[in-house]
Amino acid sequence: MSYLIALAGKGGTGKTSIAGLTIRYLKEKRRGPILAVDADSNACLNEALGVDVHTTVGALRESSLETIRSGTDRPGGMSMEELFEYQIHQALIEAEGFDLLVMGRPEGPGCYCAANNIIRKYTDMLSEKYPYVVIDNEAGMEHLSRRTTHRVNLLIMVSDPTVKGVKTAKRIDELIDELKLDIERRVLIINRVMGEEGERLRDLAEQLGLHVAGLIPQDGTIFEYDMIGKPIFELPEESPALQSIYSILDGLQIP
Ligand SMILES: Nc1ncnc2c1ncn2[C@@H]1O[C@H](COP(=O)(O)OP(=O)(O)O)[C@@H](O)[C@H]1O
Ligand SMILES: [Mg+2]
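The structure displayed is predicted, hence computed values, not measured ones.

### Observations concerning the packing of helix 3 (residues 57–70) against helix 4 (residues 80–91)
In step 1: At a minimum axis distance of 9 Å, the contact between helix 3 and helix 4 shows a crossing angle of 150°. Judged by the inter-axis angle, helix 3 sits roughly antiparallel to helix 4. With respect to the hand of their crossing, helix 3 and helix 4 are arranged in right-handed fashion. Contact with helix 3, carried on its side by V57, L60, R61, S63, S64, L65 and I68, involves M80, L83, F84, Q87, I88, Q90 and A91 of helix 4 and no other residues of that element.
In step 2: In the contact of helix 3 with helix 4, the residues fall into 9 nonpolar, 4 polar and 1 charged.

Okay, here's the thing in structure tokens:
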């Protein structure tokens, strides 16, 4: 059984940054092979992790569908299922201490259904082989709502340091209930906090019934790294944001 951590929150709140540093944390704690899944078509988890992407599951799906449509011979006479399973393994990018799977283009409407179901099945099967899976999710909950086989153990909702941000997190929290998603534990992290407002936002979130796992300060080093295109994965240990995330993750006592 793998322990599955997913990130949620509106765009720009810091999901990808926190996902990247969570992967680094798990790697440093030697928590065994980690699968990083970039499920956000606009995200660049690979950049946060400092890994080049040669292909995506979405791109391979398109080429497989093309192969099937054109009636071209499939390699080794593979069935459609075998073809997709093979391609998910082709899309897996091996890095030091973790593997990365980039989902790529969003799943299209209806017509892709069969292909997407197969992809989901094999992605889930692949996930099961890793003790830890970290999913950098798209802003909505679409991806999680489509998961069928296994539960999310820890959902980290991320908010910016505004009242609006916390209220948006509350809506995500309600959506999870509506969608009846199988999530063992959900917490909120308020990111990019400057000064005193963080504690007031923490109080507001708690009043709304959210469990606040911690606050992460606005960190100039993250901005600097962004400016020069350096992966966040390489942030110095004394970075305040990195230290906050590490102590939040320590506090969460991930098994
Ligand atoms: N604690 C922080 N301090 C400073 N900048 C941050 C912090 N967290 C995130 N950022 C910056 O905010 C922007 C959005 O972060 P990102 O992780 O891409 O958000 P999301 O994945 O939710 O869209 C990025 O430019 C990132 O470098
Ligand atoms: Mg992102």
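### Brief notes about helix 8 (residues 197–207)
In step 1: Buried within helix 8 are the following residues: G198, L201, L204 and A205. Around the axis of helix 8, the buried residues are gathered within 120° of arc, so they sit on the same side. Structural note: helix 8 exposes R200 and Q207 on the side pointing more than 90 degrees away from its buried face.

### What about a nonpolar patch on the surface?
In step 1: A contiguous nonpolar surface patch, about 380 Å² in accessible area, is contributed by F223, M227 and I228.
In step 2: Relative to the helices and strands, I228 is located in helix 9 (residues 220–228).
In step 3: Given the relative accessible area of 63%, I228 is considered exposed.

### Section: unusual backbone geometry
In step 1: Residue K180 is not a glycine yet carries a positive backbone phi of 55°.
In step 2: Mapped onto the secondary structure, K180 falls in the loop between helix 7 (163–178) and strand 7 (183–193).
In step 3: Classification of K180 as exposed rests on a relative accessible area of 72%.
In step 4: Look at R192: it is not a glycine, yet its phi comes out positive at around 60°.
In step 5: Inspection of the secondary structure assignment puts R192 in strand 7.

Scoring rules and cut-offs
- Residues numbered from 1 in each chain as written.
- Chains lettered and ligands numbered in written order.
- Predicted model: local features only at pLDDT ≥ 70, side-chain atom pairs only at ≥ 80, totals over all residues.
- Heavy atoms only, no water.
- Axes fitted to C-alpha atoms, helices over the stretch in contact; angles between N-to-C directions.
- Helix = DSSP H or I, 4+ residues; strand = E, 2+ residues; numbered from the N terminus.
- Parallel < 35°, antiparallel > 145°, perpendicular 65-115°, else oblique.
- Left-handed = near helix turned anticlockwise from the far one by under 90°.
- Contact = heavy atoms within 4.5 Å.
- Nonpolar A, V, L, I, M, F, W, Y, C, P; charged D, E, K, R; others polar.
- Buried < 20%, exposed > 50% of the residue type's maximum accessible area, 1.4 Å probe, protein only.
- Arc of directions from axis to C-beta.
- Patch = residues over 30% accessible without salt bridge, like charges linked within 9 Å, V, L, I, M, F, W, Y side chains within 5 Å.
- Areas by Shrake-Rupley, 256 points an atom, 1.4 Å probe, with all protein chains shown as cover.
- Salt bridge = Lys/Arg side-chain N within 4 Å of Asp/Glu carboxyl O.

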